[in-house]
Amino acid sequence: MPKPQTISPNEVAQKLAGGATLIDIRSPDEFARMHIGGAVCVPIDSLDKDNIANQVAKNANSQGENSENVVIFHCLSGMRTAQNADKITACTSNCTAYIMDGGLQAWQKAGLPTVIDRTQPISLMRQVQIVAGVLILLGVLLGSLVSPVFYGVSGFVGAGLLFAGVTGFCGMAKLLALLPYNRVSS
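Numbers given for residues are sequential positions, taken from 1 along each chain in its written order. Local features in this predicted model are restricted to residues of pLDDT 70 or higher, and side-chain atom pairs are both shown and tallied only at a pLDDT of 80 or more, whereas totals for entire chains, interfaces and linings draw on every residue. Here the side-chain values reflect all heavy atoms present in the structure, with hydrogen atoms and water set aside.

1. Examining the nonpolar core
Then comes step 1: What is meant by a nonpolar core is a set of buried Ala, Val, Leu, Ile, Met, Phe, Trp, Tyr and Cys residues, joined one to another through side-chain atoms within 4.5 Å. Working definition: with a 1.4 Å probe on protein chains only, accessible area under 20% of the residue-type maximum means buried, over 50% means exposed, and in between means partly exposed. Of all hydrophobic cores here, the largest spans 16 residues; its most connected members are I23, I25, L47, I52, V71, F73 and I88.
Then comes step 2: Contributions of two or more residues to this core are made by α3 (49-63), β5 (70-74), α5 (85-91) and β6 (96-100).
Then comes step 3: Labels follow the DSSP assignment, with helices taken as runs of H or I lasting at least four residues and strands as runs of E lasting at least two, numbered in each case from the N terminus. Considering each element in turn, this core owes the most residues, three residues, to α5.
Then comes step 4: The contact rule is simple, with two residues in contact once any of their heavy atoms fall within 4.5 Å. Beyond its immediate stretch of four places on either side in the chain, I23 contacts V40, V42, L47, I52, Q55, V71, I72, F73 and H74.
Then comes step 5: By size, the runner-up hydrophobic cluster in this structure holds 15 residues, among which are I7, M100, W107 and L112.

Here's what the structure looks like:
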């Protein structure tokens with residue numbers, strides 16, 4: 001089975017006008033902050049054949065005769081959709097699938113409308129980067145001004161970042177996700 005063809009944001013807009021289903025494979029918190037109107041959030045981890053078939057069926061019910069058996073996938077930059085093209089192909093054997101070239105960033109660059117919720121917090125990864133940067137800088141400053149013992153803070157945070165990169169598990173992200181403003185309401 002061939003991989004989904006990539007199409008431009010303008011072609012996506014035309015297909016959406018024809019009743020295509022738009023699937024955003026980003027995480028719910030990314031989707032809540034900004035998305036394309038009418039898109040459905042189906043994170044890449046929960047992408048399966050039944051889920052996609054249900055989304056296409058829901059879209060067909062809401063569109064009536066205007067619906068197509070076309071499903072278009074996108075992420076922020078196009079990287080995640082391209083990396084998961086095999087998974088997308090496996091989930092879309094009963095319909096025509098496309099991947100939006102350049103993702104949401106290309107959609108915006110083309111001047112197409114997005115839904116933005118500025119009340120949502122910044123992304124969890126940016127929060128991790130900010131907290132880690134502050135802790136490392138604080139450790140270095142305190143280490144040079146107060147006591148060399150504080151260099152340990154920078155070493156601990158650096159080791160945590162290394163561990164997160166190697167294993168894919170980020171304890172700081174897990175802790176930050178527990179904060180009330182990072183909880184996405186359904």
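2. Structural notes on the pairing of β6
Then comes step 1: Of all five residues that make up β6, four are buried, and the element is covered over most of its length.
Then comes step 2: For two strands to be treated as a pair, DSSP must find at least two bridges joining them. Both β5 and β6 contribute to a ladder of four bridges, which runs parallel. Pairing of I72 across the sheet is with Y98, part of β6.

3. Describing a nonpolar patch on the surface
Then comes step 1: Patch membership requires over 30% relative accessible area and the absence of a salt bridge. Like charges are linked within 9 Å, and nonpolar side chains (Val, Leu, Ile, Met, Phe, Trp, Tyr) within 5 Å. Only the protein chains shown count as covering a residue, and every accessible area follows the Shrake-Rupley method with a 1.4 Å probe. Salt bridges are defined as contacts in which a side-chain nitrogen from Lys or Arg sits within 4 Å of a carboxyl oxygen from Asp or Glu. Where nonpolar side chains cluster on the molecular surface, the patch consists of L137, L141, L145, V146, F150 and V153 and spans about 560 Å² of accessible area.
Then comes step 2: Within the fold, L145 resides in helix α7 (residues 124-145).
Then comes step 3: The exposure class of L145 is exposed, given its relative accessible area of 70%.

4. Thoughts on the pattern of salt bridges
Then comes step 1: This structure, assessed with the given rule, holds four salt bridges.
Then comes step 2: Taking the shortest distance from any N to any O, the salt bridge between D24 and R26 comes out at 2.8 Å. The two residues D24 and R26 agree in class, both being buried.
Then comes step 3: The closest approach of N and O atoms between R80 and E30, which form a salt bridge, is 2.9 Å. Pair noted here: R80 is in helix α4 (residues 79-83) and E30 is in helix α2 (residues 28-33), with a separation of 50 residues, a long-range link.

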